[in-house]
Amino acid sequence: MSEKPSKYYVTTPIYYVNDKPHIGHSYTTILADVLANYHRLLDVPTHFLTGTDEHGQKVQQAADANGITPQEQCDQTVIRFQELWKCLEIKNDDFIRTTEPRHKTVVQQTLQELFDRDEIYKAEYEGWYCVGCERFFTEKDVVEGNCPECGRKVDSIVESNYFFRMGKYQEWLIDYIETHPDFIQPAFRANETLGFLKTKELQDLCISRPKSRLAWGIELPFDAGFVTYVWFDALINYISAVGYKSDEEQFKKWWPCSTHLIGKDILTTHTVYWPTMLKAMNVAMPESIFAHGWWLTGRTKMSKSLGNVVDPMDMIDTYGVDAFRYFLIAEMTLGQDASFTEEAFVKRYNSDLANDLGNVTNRVLNMISRYCDDKMPAPASSADAGFDTVLEDGLWKEAIAIAGEMGSLIDNMKLDRSVAMVLSVVRKINVYLQERAPWALAKQEGTEVEVAHCLYTAAECLRVCAGLLYPVMPGKMHALRTALGMADAKPHLGKLSEFGVLIPGSKISQPGALFPRIEAKKTDETSSLVAKEQKPAKKKNQPAEIGNQKSTPGLITFDQVMNVNLKTAVVLEAEKIEGADKLLKLQVDLGDEQRQLVAGIALHYKPEELVGKTIVVVANLKPAKLRGVKSEGMLLAASIGDSLKLVTVEGNLGAGASVK
Ligand code: MSP
């Protein structure tokens, strides 16, 4: 990993409690959790803060619509956020609610101090107000009577209010951003803020709302007729939660914040309001503010009115929390927008998790079980190896190279790239096994040390990969590392690259299918996760249809083809069945499990010719007994006249790949 920081303090935006959380909120929180996990596993003192933004017009309006008080609205909705974070295995160190006294006191003290120093003044204001954004705009900003941010109609307003002298910090802020290239990330977002600061005069910020218009907020300490503007209140959470004005020691420990994670929608409030507020308060700037892009449904913005908002709870229930976390991290290039569709989710899940990671885990564990009696084998030392270890050495080098790059990938917020690189090593372990074919090696005399070294190296590489993926999928990676026989399955990311961590002789276990494949049918069944047009229910016994495809005598539909689950399998063992001249009994590796097949190919293949071959198997055939021997699937073979040839797969796909 790259050089360790002395501490790491990460925040998410605090979320409005006007509605239940959706995938966008989940994303920022998962991202913060992954970053916090990485730092914790590097032994960096870490503080991860999230919370809820409970004041302001949005919450008041939601309460009115629900016929409850704003406080009841907050108390009911905050639970939904907290429960979702638990289900998503979010390990935040603190959760701040802006209605808590610890926050309100700090906001009021700050306001008083700024008012006393004439950083806040009272004036009459005439302008345009957007209720949705809770922001004032000048005549020049407004676009044909609509809000320049969200496009909704703005209202003309004349009222007395309090203002923060934000405008006077314009030149200072431009200079600060220009001299601190890491302050706003990605760099194009810094340019966006600079573009705005260099072309428009920065106005003072209205930081109050008259109670006659909005009563739900923190009362101004110097004028009981007003409450605090929700953004001025909310931004202060980042310091009130870590002891600003209440616990100097704690504040010194965590501030300045390492990274404020935000969505691109709240760039201005974080890169203009917040720094100028801190400057006026004489508080140090956060180290960085990182704005990520939006999750879209396909190519469309997610919105309640379009009915295309993804509910994270449904995703977790259907696919499991680790897979959901993995998808979000793997699929979004930080800074850019990303598209969420369930089809893309299933595709990535099956290829990365079921086929690659799940498959290699099963292969390694199954072979250790079979050839090493369920015990972690011992590596051969180079002195006594007595055989060529070039493949093993190469594979290990690949694994530790990725571990070495991880730190800079994380520092540069290239999280999607980091998981892609780990998955590339996972695939290399699979290719290595295919090439080394320990199952064939094990058949030869005197190869125990070689087989042991091969399986040990594969297991060590898998240990490294699981360690690197641990921050993203803590539950499953803990299970994987435990299965490898590790008593302390939690990784120390700074020590991943030492070879020989797995203890020879320790008992391995079978974790079951870590990532069971999602069959095509399930995608159909679960596509209701994202609200879609309702389809009329299919009548009983009606043939399956896709689009215009109907069953026609002699032809089968696409659906019927998709119901046959064809998979690649690697033959581990083959033997004759006594008393049955034509039958062979095979043990095959199906990626996530081992199966026994009985096949009528004895007249065409000798058992030893089959071991190591990658064949194609019907994986969802009902088990049957042939001559009293259980067969759990059927292999595919092509035959004409007396000739028969197995259907095999080119290249090194390995076991468990789906055949379509
Ligand atoms: N309360 C303010 C933030 C105050 S921070 C001092 C707020 N809250 S919010 O509930 O609207 O949540 C905003 C954040 O949720 C966004 O900045 C972003 O982090 C996340 N997202 C909401 N929808 C999103 C997507 N569709 N995609 C990605 N993230 C988005 O604004």
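Residues numbered from 1 in each chain as written. Predicted model: local features only at pLDDT ≥ 70, side-chain atom pairs only at ≥ 80, totals over all residues. Heavy atoms only, no water.

(A) Spatial organisation of the packing of aromatic side chains. Taken as a whole and judged by the stated rule, the model has 31 aromatic pairs. A connected cluster of aromatic rings, assembled from ring pairs, spans Y27, W295, Y319, F327, F340, F345, Y349 and F515. Directly above the aromatic system of W294 lies the positively charged group of K301, at a separation of 5.2 Å from the ring centroid. For K476, the ring lying beneath its charged end belongs to F515, and the centroid distance is 5.6 Å. (Phe/Tyr/Trp six-rings, centres within 6.5 Å; stacked < 30°, edge-to-face > 60°. Lys NZ or Arg CZ within 6 Å of the ring centre and 35° of its normal.)

(B) Here's a closer look at the site of the ligand. Taken together, 22 residues lie around the ligand, and I14, T28, D53, W294 and W295 are the ones closest in. Between the ligand and T28, the relevant distance is 2.8 Å, taken from an oxygen atom to a side-chain nitrogen or oxygen of the residue. One of the side-chain N or O atoms of D265 is found 3.1 Å from an oxygen atom in the ligand. Within the complex, 94% of the 670 Å² of free accessible area of the ligand lies under protein. Looking at the shell around the ligand, the elements that each hand over two or more residues are β2 (15-16), α1 (23-40), α7 (230-235) and α8 (237-240). Of the residues that constitute the shell around the ligand, the class distribution is eleven nonpolar, nine polar and two charged. (Near = heavy atom within 4 Å. Polar contact = N/O pair within 3.5 Å; in protein donor to acceptor, adjacent residues only side chain to side chain. Areas by Shrake-Rupley, 256 points an atom, 1.4 Å probe, with all protein chains shown as cover. Helix = DSSP H or I, 4+ residues; strand = E, 2+ residues; numbered from the N terminus. Nonpolar A, V, L, I, M, F, W, Y, C, P; charged D, E, K, R; others polar.)

(C) The nonpolar core, seen in detail. Of all hydrophobic cores here, the largest spans 115 residues; its most connected members are F324, F340, F345 and L357. Examining the composition of this core, we find that 13 residues originate from one element, helix α18 (residues 448-469), more than from any other. Here this core spans two domains, and each of domain 1 (343-495) and domain 2 (562-646) adds at least three residues to it. Apart from the residues within four sequence positions on either side, F345 is in contact with M315, Y319, A323, F324, F327 and I518. (Core = buried A, V, L, I, M, F, W, Y, C linked by side-chain atoms within 4.5 Å. Buried < 20%, exposed > 50% of the residue type's maximum accessible area, 1.4 Å probe, protein only. Domains from an automatic or database assignment. Contact = heavy atoms within 4.5 Å.)

(D) How the structure looks around the domain arrangement of the protein chain. Per the domain assignment, the segments making up the protein chain are domain 1 (343-495) and domain 2 (562-646). Each of domain 1 and domain 2 was reduced to a C-alpha centroid, and the two centroids are 28 Å apart. Every contact between the two is made by eleven residues of domain 1 and, on the other side, 13 residues of domain 2. Approximately 940 Å² of surface area, both sides summed, lies buried where domain 1 meets domain 2, with 45% of it carried by carbon and sulfur atoms. (Buried area = accessible area lost by both parts, 1.4 Å probe.)

(E) Seen up close, the sheet that holds strand β15 (residues 295-297). If you trace the three strands from one edge of the open sheet to the other, you get β16-β15-β17, paired in mixed fashion. In this open sheet, the two strands that pair with only one neighbour each are β16 (300-301) and β17 (338-340). As judged from the three bridges shared by β15 and β17, these two strands associate in the parallel manner. Bridge assignment links W295 to a residue of β17, and that residue is A338. Docked against the sheet, helix α12 (residues 321-331) engages β15 and β17, running at close to 150° with respect to β17. (Pairing = 2+ DSSP bridges. Axes fitted to C-alpha atoms, helices over the stretch in contact; angles between N-to-C directions.)

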